[in-house]
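Reading the structure
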Amino acid sequence: HRDLHSFPTRRSSDLARREERDALIETTSAKAQALIGEGSYDQVISLLEPVVAQYDDPSLRVVLERARKERHSEQLRLQSVLATLQQLTALQQWEEAISLLEQQPAAVHENDAIRSALADLHEANDAEARILQAAGTAYAALHRADLLAAHQQTEAIRHAQNISRLEVQNLGGPGMQNLSS
């Protein structure tokens, strides 16, 4: 007899819990979809894993798997870019390496190591441009038989080459190793 009196209360509390669960799943799904649209796969995974573990909702499980696959694809794309970047850097093809990085999707640009490598590549490219400019100025001075100016320019080239070598070493250093991890 007592169970019959508590039945409506249990039923209404079960309904309230189900509605709360459904609302949580709906808002979580909407937020996850928005994050996927932004390419924030790690955030999607962090958001969904505890909710899927608690409620085991099939629709959220599908979104979670999609985020995992997209993150994996992004990691493969990044590894490919890094391999090409290391080849271009080894050949000191700064402009090509810069162009490669600048053509990548926003998700690649958000990687701290990529941003650092891009800055290093710009520095190396600028150093090479300074060396070429100094070499041209030295040749012009030699053509005018201005040996003092030619000597000053060759010293500038030597100094710029030493700096450039350091930059090249830095490109292959910890920053690039962070890229491949």
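Everything below is about the structure printed above this text.
What comes next concerns the included structure. As the structure is a prediction and not an experimental result, all values here were calculated from the model. (Residues numbered from 1 in each chain as written. Predicted model: local features only at pLDDT ≥ 70, side-chain atom pairs only at ≥ 80, totals over all residues. Heavy atoms only, no water.)

Remarks on helix α4 (residues 94-102)
To keep things clear, this is the line we draw: Buried, partly exposed and exposed residues are distinguished by accessible area as a fraction of the type maximum, computed with a 1.4 Å probe on protein chains only: under 20%, between the cut-offs, and over 50%, respectively. Where helices and strands are cited, they refer to DSSP runs of H or I of at least four residues and of E of at least two residues respectively, numbered from the N terminus. Working definition: the arc comes from the directions between the helix axis and the C-beta atoms, pointing outward to the latter.
Where α4 is concerned, the buried positions are Trp94, Ala97, Ile98, Leu100 and Leu101. Looking down the long axis of α4, one finds its buried residues gathered within 160° of arc, a one-sided arrangement.

Focus: a nonpolar patch on the surface
Stated precisely, the cut-off is as follows: Residues enter patches when they are more than 30% accessible in relative terms and free of salt bridges; like-charged ones are connected within 9 Å and nonpolar ones (Val, Leu, Ile, Met, Phe, Trp, Tyr) within 5 Å. Residue burial considers only the protein chains on display, and all accessible areas are found by Shrake-Rupley using a 1.4 Å probe. Definition used for salt bridges: Asp or Glu carboxyl oxygen within 4 Å of a side-chain nitrogen of Lys or Arg.
Taken together, the side chains of Tyr139, Leu142 and Leu147 present a nonpolar region at the surface, about 380 Å² in accessible area. Along the chain, Tyr139 falls in helix α6 (residues 112-143).

Considering the side chain of Asp57
Heads up, the condition is: Working convention for charge: Lys and Arg count positive, Asp and Glu count negative, and His plus the chain ends are omitted. The contact criterion used is simple: two residues touch if any of their non-hydrogen atoms lie within 4.5 Å.
Here Asp57 lies in the loop between α2 (41-55) and α3 (58-90). Buried Asp57, no salt bridge; nearest opposite-charge side chain is Arg21, N-O distance 4.1 Å. Filtering out sequence-adjacent residues up to four positions away, Asp57 remains in contact with Arg21 and Ile25.

Notes on the packing of α3 against α6
For any two helices packed against each other, one specifies the crossing angle of their axes together with the interaxial distance. Quick note on the threshold: In this analysis, axes come from line fits to C-alpha atoms, helices being fitted only over the stretch in contact, and the angle between any two N-to-C directions falls in the range 0 to 180 degrees. Roughly parallel here means an angle under 35 degrees, roughly antiparallel means over 145, roughly perpendicular means 65 to 115, and every remaining angle is called oblique. Crossings are assigned a handedness: left-handed for a near helix turned anticlockwise from the far helix by less than a right angle, right-handed for a clockwise turn.
At a minimum axis distance of 13 Å, the contact between α3 and α6 shows a crossing angle of 20°. As summarised for this structure, α3 and α6 are arranged roughly parallel, according to the angle between their axes. α6 is crossed by α3, and the crossing has left-handed handedness. On α6, the residues that touch Leu78, Leu82, Leu85 and Thr89 of α3 are Ile114, Ala117 and Leu121.

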